[in-house]
Amino acid sequence: MTNPKLTIRRPDDWHVHLRDGAMLEAVAPYTARQFARAIVMPNLSPPITTIDAARAYRGRIEAAAGPGFTPLMVAYLTDGIDGAMLAEGHAAGVFTAAKLYPAHATTGSAHGVTEVRHIHGALAAMEQAGMPLLVHGEVTDHEVDVFDREAVFIDRTMAGLVRDFPGLKIVFEHITTEEAAQFVLAAGPNVAATITPQHLHINRNAMLVGGIRPHAYCLPVAKREKHRLALRQAATSGSPKFFLGTDSAPHRIETKEAACGCAGIFNAPFALESYAAVFDEEDALDRLEAFASENGPRFYGLPFNEGTVTLARADNPIPESFVTGDIELVPFHAGETLRWRITG
Ligand code: DOR
Ligand code: ZN
């Protein structure tokens, strides 16, 4: 078949950073162009920890994204956060989920959880309320090598969470290792994972061979090739446990190209095309719709979207950067040509 077309139900992004202010204005339209809904990360400064803050942030996102896009809000868990407040926000339709950032694991996690036992009350309330827990799964122990932090987190923390809260819906966010894929597959139906486009396309060589390439740096950091292949296998396997979450995380070019560059890859402009290229290469285009548009809503207990998006196999040259006002952003795949584009 030459130049195939693929029409799928309109997809959602189950993990995105939309930021605030001028950056929100610059990036929200890219996500809204591709996705009907998105789970919006709460790691602002200060983080989104109250119902009122989430409501107000939702309003700013709606204004920046325009009509036809639904932001799904997330509470940022802190030590001792009130479980009753989380359940109330969930029941009111404000908090779709809550996010566990281990303190100091990544950007905007300084107010995160220092010990999981400090949020046991909140987790029990969420389990009771049917409110999903989203997990940044990396240990922060300085003794642990950065490439091992996800695998060690499974043994030290994730396994205990799954054991102690058997009814809690848990999303292991942006998995990057074979160990995480295996853990999620072996767990019950209440445990799922998101997978980013970058972790399907690149391994750690992309960051380090021929010079340090800051635009390939995100957290969790890309791992060895065997992990990328395991993630490709998981994403395209047809298992309902894996779904689309871009982790698009924009940072201004000057904060990426710096002596201490920020973690995060801005993939929102061509996310679906990037996933389509992977599914095509894996001869699994027939499974893209489940990954992008069905597995997520089914796990969250939300309706499927109406409407469709059509992709065609056609050359799609990716710009070196996008400039909005004084914000310059380098997208994932900058300067490459993707083989898929959105046509309708
Ligand atoms: O690379 C990342 N960037 N990983 C995260 O966990 C946070 C994100 C950000 O907010 O920039
Ligand atoms: Zn993220």
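Refer to the structure presented above.
An account of the accompanying structure is given in this report.

## Brief notes about the overall build of the protein chain
1) Next: In terms of regular secondary structure, the protein chain is built from twelve helices and 13 strands.
2) Next: Taken against the 2.2 N^0.38 rule, which gives 20 Å for 344 residues, the C-alpha radius of gyration of the protein chain at 19 Å falls within 12% of a compact globule.
3) Next: Referenced to the eigenvectors of the C-alpha coordinate spread, the extents of the protein chain come out at roughly 55 × 45 × 40 Å.
4) Next: Looking at the protein chain residue by residue over its 344 residues, the buried ones come to 57%.
5) Next: Within the protein chain, counting contacts between residues at least 6 apart in sequence, those at least 24 apart form 73% of the total.
6) Next: Side chains of the protein chain carry 30 positive and 40 negative charges; the gap between the two charge centres is 3 Å.

## Describing helix H11 (residues 271-281)
1) Next: For H11, a buried count of ten out of eleven residues is recorded, marking the element as mostly surrounded by other parts of the structure.
2) Next: Taken residue by residue, H11 has Ala271, Leu272, Glu273, Ser274, Tyr275, Ala276, Ala277, Val278, Phe279 and Asp280 as its buried positions.
3) Next: One or two steps after H11, the chain reaches Asp283, where phi turns positive at roughly 55 degrees.

## Focus: the coordination of the zinc ion (ligand 2)
1) Next: On the protein side, the zinc ion (ligand 2) has His15 (NE2), His17 (NE2) and Asp247 (OD) as donor atoms, found 2.1 Å from it.
2) Next: The sequence pattern describing where the donors of the zinc ion (ligand 2) fall on their chain is H-x1-H-x229-D. Residue His17 is found in the loop between strand E2 (13-16) and helix H1 (21-34), and its partner Asp247 is found in the loop between strand E9 (242-244) and helix H10 (253-256); the two are separated by 230 residues along the sequence. Across this residue pair, the class does not change: His17 and Asp247 are buried.

## Remarks on the sheet that holds strand E3 (residues 37-40)
As a general point, the strands of a sheet are linked pairwise by backbone hydrogen bonds and lie either parallel or antiparallel.
1) Next: Spatial strand order, E2-E3-E4-E5-E6-E7-E8-E9: eight strands in an open sheet with parallel pairing. Where the open sheet ends on each side, the last strands, each with one partner, are E2 and E9. The average angle at which neighbouring strand axes cross in this sheet is 30 degrees, direction not considered.
2) Next: Direction of pairing for strand E4 (residues 70-76) relative to strand E5 (residues 95-100): parallel, over a ladder of four bridges.

## Quick look at the packing of helix H6 (residues 178-186) against helix H9 (residues 225-235)
The axes of two packed helices give the description: the angle between them and the distance between them.
1) Next: Between H6 and H9, the shortest axis-to-axis distance is 8 Å and the interhelical angle comes to 30 degrees. Comparing their axes, H9 and H6 come out roughly parallel. Contacts from Glu178, Glu179 and Ala181 of H6 reach H9 at Lys226, His227, Ala230 and Ala234.
2) Next: In the contact of H6 with H9, the residues fall into three nonpolar, one polar and three charged.

## Section: the nonpolar core
1) Next: One finds Leu86 and Leu133 to be the most contacted residues of the largest nonpolar core, which totals 89 residues.
2) Next: In terms of residue count, the dominant contributor to this core is H11 (seven residues).
3) Next: Here Leu86 is in contact with Ala75, Leu77, Ile81, Phe95, Ala122, Met126 and Met131, once residues within four sequence places are set aside.

## Describing the environment of Leu231
1) Next: If you trace the backbone, Leu231 turns up in helix H9.
2) Next: Leu231 has contacts with Ile175, Thr176, Thr177, Ile195, His199 and Leu200, leaving out every residue within four places of it along the chain.

## Some points on the site of ligand 1
1) Next: Surrounding ligand 1, one finds His17, Arg19, Asn43, Thr106, Thr107, His136, Cys218, Leu219, Ala249, His251, Ala263 and Gly264.
2) Next: Within the side chain of His17, one N or O atom sits 3.3 Å away from an oxygen atom of ligand 1.
3) Next: Summarising the interface, the protein chains cover 99% of the accessible area of ligand 1, which totals 290 Å² for the free molecule.
4) Next: Here the shell around ligand 1 is composed, by residue class, of four nonpolar, seven polar and one charged.

Scoring rules and cut-offs
Every chain is numbered independently, its residues counted from 1 as its sequence is written. Numbering of ligands from 1 and lettering of chains from A proceed in the order in which they are written. At least 70 in pLDDT is required for a residue's local features to be given in this predicted model, at least 80 for side-chain atom pairs to be given and counted, and no such filter applies to totals for whole chains, interfaces and linings, which use all residues. In computing side-chain values, all of the structure's heavy atoms are included and hydrogens and water are not. Every helix listed is a DSSP run of H or I at least four residues long, and every strand listed is a run of E at least two residues long, numbered separately from the N terminus. Both definitions apply: the radius of gyration is a C-alpha atom measure, and the globule rule equals 2.2 Å times residues to the power 0.38. Throughout, exposure labels follow a simple rule: accessible area from a 1.4 Å probe, protein chains only, divided by the maximum for the residue type, with under 20% read as buried, over 50% as exposed, and the rest as partly exposed. Between two residues, a contact is recorded if the distance between any of their heavy atoms is within 4.5 Å. By the counting scheme adopted, Arg and Lys are positive, Glu and Asp are negative, and His together with the chain ends is not counted. Every charge is mapped onto a representative atom, which is NZ of Lys, CZ of Arg, CG of Asp or CD of Glu. Distances up to 2.8 Å from the metal define which N, O and S atoms are donors, and 3.2 Å serves for Na, K and Ca; water is absent from the atom set, so sites may look incomplete. In this description, strands pair whenever DSSP reports at least two bridges between them. In this analysis an axis means a line fitted to C-alpha atoms, helices contributing only their contacting stretch, and an angle means the value between N-to-C directions, from 0 to 180 degrees. Reported orientations rely on four angle classes, namely roughly parallel under 35 degrees, roughly antiparallel over 145, roughly perpendicular from 65 to 115, and oblique for the rest. Charged means Asp, Glu, Lys or Arg here, nonpolar means Ala, Val, Leu, Ile, Met, Phe, Trp, Tyr, Cys or Pro, and polar covers whatever is left, Gly included. We define the nonpolar core as a collection of buried residues of types Ala, Val, Leu, Ile, Met, Phe, Trp, Tyr and Cys that are connected through side-chain atoms lying within 4.5 Å of one another. Nearness is defined per residue: one heavy atom within 4 Å of the molecule or strand is enough. Counting of polar contacts relies on pairs of N or O atoms within 3.5 Å, with two restrictions inside protein: one atom must be capable of donating a hydrogen and the other of accepting it, and residues adjacent in sequence are counted only when both atoms are side-chain atoms. Accessible areas in this description were obtained via Shrake-Rupley with a 1.4 Å probe; residue shielding takes into account the shown protein chains only.

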